[in-house]
Amino acid sequence: MHPSERVRIVTETARAVLEHRLTPALGAQALTLQQEQITRFLRSDRIDVTRAEADVVALTLRRLAEQIADRSPTDPDPAFTEMARILGELAQSLR
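Below: a short report on this structure. (Residues numbered from 1 in each chain as written. Predicted model: local features only at pLDDT ≥ 70, side-chain atom pairs only at ≥ 80, totals over all residues. Heavy atoms only, no water.)

**A closer look at the packing of helix 2 (residues 8-18) against helix 3 (residues 24-45)**
Thought 1: Put simply, helix 2 and helix 3 touch, their axes get as near as 10 Å, and they point 170° apart. One way to sum up the angle between helix 2 and helix 3 is to call them roughly antiparallel. Residues I9, V10, T13 and V17 of helix 2 lie in contact with helix 3, whose contacting residues are P24, G27, A30, L31, Q34 and I38.
Thought 2: Considered class by class, the residues forming the contact of helix 2 with helix 3 number seven nonpolar, three polar and no charged. (Axes fitted to C-alpha atoms, helices over the stretch in contact; angles between N-to-C directions. Helix = DSSP H or I, 4+ residues; strand = E, 2+ residues; numbered from the N terminus. Parallel < 35°, antiparallel > 145°, perpendicular 65-115°, else oblique. Contact = heavy atoms within 4.5 Å. Nonpolar A, V, L, I, M, F, W, Y, C, P; charged D, E, K, R; others polar.)

Written out as structure tokens, the structure reads:
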């Protein structure tokens, strides 16, 4: 499976939080579950795609992590920090 397809639910969860359609706490819970379910598959998916394709997916995850982390100063909810950490770890698994 292409990594972008594998992380689609992850990116949609992060965007839902950024767009205030999902609370940060629920977003962090969802990302925790999603991370547990897909990390091992991402590691094998990266073998099936070019380095550039994996890098694009990783960049998308890192950018979402930055956007989530940027919410922390204005909203001190620790769920934002947790979400950013998870997104960063998922991006790292594609390296």
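Here the narrative resumes.
**Comments concerning the side chain of Q35**
Thought 1: Along the chain, the position of Q35 falls in helix 3.
Thought 2: By relative accessible area, Q35 is classed as buried at 14%.
Thought 3: In this structure Q35 touches I86, E89 and L90, once residues within four positions along its chain are discounted. (Buried < 20%, exposed > 50% of the residue type's maximum accessible area, 1.4 Å probe, protein only.)

Structural measurements only, silent on function.
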